[in-house]
Amino acid sequence: MRVRATAVNRADLLQRMGMYPAPADAPRDIPGLEFAGEVEAVGWDVTRLVVGDRVFGLVGGGAYAEYLVTHERALAKIPDNLSFEEAAAVPEAFVTAYDALVERGGFRGGDTILVSAAGSGVGTATIQLGHALGGYVVGTARTADKLERCKPLGLDVGVVPDGTRFAGKVPKPKVIVELVGGAYVAEDLLAIQPLGTIVLVGMLGGNKTELDMGLLMQKRATIVGTMLRSRPIEEKLAAMRMFEANVVPLFAHGRVKPIVETVLPLADAPKAHELMASNSGFGKIVLRV
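Residues numbered from 1 in each chain as written. Predicted model: local features only at pLDDT ≥ 70, side-chain atom pairs only at ≥ 80, totals over all residues. Heavy atoms only, no water.

Remarks on the overall build of the protein
For step 1, the next point in the chain: Looking only at helices and strands, one finds 10 helices and 12 strands in the protein.
For step 2, the next point in the chain: Against the globule reference of 19 Å for 289 residues, the protein gives a C-alpha radius of gyration of 18 Å, in line with a compact fold.
For step 3, the next point in the chain: The principal-axis extents of the C-alpha atoms in the protein amount to approximately 55 × 35 × 35 Å.
For step 4, the next point in the chain: Burial analysis of the protein (289 residues in total) assigns 52% to the buried set.
For step 5, the next point in the chain: Sequence-distant contacts in the protein: of pairs separated by 6 or more residues, those separated by 24 or more amount to 67%.
For step 6, the next point in the chain: Carbon together with sulfur atoms contributes 54% to the accessible area of the protein, which is approximately 13,100 Å² in total.
For step 7, the next point in the chain: Between the mean site of the 31 positive side-chain charges and the mean site of the 32 negative ones, the protein shows a separation of 4 Å. (Helix = DSSP H or I, 4+ residues; strand = E, 2+ residues; numbered from the N terminus. Rg over C-alpha atoms; globule rule 2.2 N^0.38 Å. Buried < 20%, exposed > 50% of the residue type's maximum accessible area, 1.4 Å probe, protein only. Contact = heavy atoms within 4.5 Å. Areas by Shrake-Rupley, 256 points an atom, 1.4 Å probe, with all protein chains shown as cover. Lys, Arg positive; Asp, Glu negative; His and termini not counted. Charge placed at Lys NZ, Arg CZ, Asp CG, Glu CD.)

Some points on the layout of surface pockets
For step 1, the next point in the chain: A volume near 290 Å³ is recorded for the second largest pocket.
For step 2, the next point in the chain: Here the residues of the lining of the second largest pocket sort into nine nonpolar, three polar and three charged. (1 Å grid on protein atoms, 1.4 Å probe; cavity = no way out; pocket = protein on both sides within 12 Å on 5 of 7 lines; lining within 4 Å. Points joined across faces, edges and corners; volume = space filled by probe spheres on them. Nonpolar A, V, L, I, M, F, W, Y, C, P; charged D, E, K, R; others polar.)

Examining the packing of helix α3 (residues 91-104) against helix α8 (residues 233-246)
For step 1, the next point in the chain: Two elements in contact, α3 and α8, have axes separated by 10 Å at closest approach and are oriented at 90°. What the angle tells us is that α3 and α8 run roughly perpendicular. Only Ala239, Met240, Met242, Phe243 and Asn246 of α8 make contact with α3, whose side of the interface consists of Phe94, Val95, Tyr98 and Glu103.
For step 2, the next point in the chain: When its residues are assigned to classes, the contact of α3 with α8 shows seven nonpolar, one polar and one charged. (Axes fitted to C-alpha atoms, helices over the stretch in contact; angles between N-to-C directions. Parallel < 35°, antiparallel > 145°, perpendicular 65-115°, else oblique.)

Here it is in structure tokens:
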């Protein structure tokens, strides 16, 4: 693979600081979980792709490199209407969002969903997918400005939490995609419908909280944790196949789109990491390789 663009994820910052080591099959000193580029060579038994194909996908690390090697089933072809920079902003956010919302959360058309950190990469992806698949979409964010920018993406209701409190302000969701964690999970349990599902994707707000287990039992709710990077290879490949079958066509028909905050050259990766750490962005930060 000749990498043309990659996108910054919070895992890159943590890996750089030694707090999130790469898997055994990924380089220790080259971050990057997603990429867009071109096939430059194939193995003898590759059947899905040919040299020159424009593809995007996920890796355990190393996407900041100029070249990488990966499994053919870990890739999907880029729709013609997306540039490399746009395509690089897609895999991590949209594979994670679809997996959390549909595969782990059990979302069905007509369900009310709630997503925290609505202006983040996974947040904007979840909003778009929820809307495109027929859901009623509720989101929380730290500022009203981010929520306003989410409305054209399909956000029906936006709420700025009062500190970490929001349960009394949101319509009762059937599925919650939780990207903040910490005290938000206790609020999720207050907000969730009976028999609803909370899918914990991120822990920006901390990895511990207190839960009312009596309320959990009363509502017969489910709390599910999920993480893509640490999964066995076959599970990762299966997630990419679901993405290719169910999400890529939505891009091709313009029903969802990449949300790119800024595009920088790879040499400006430190600046990109600073922007990510500031939590001030909206959507994805892309690096042109």
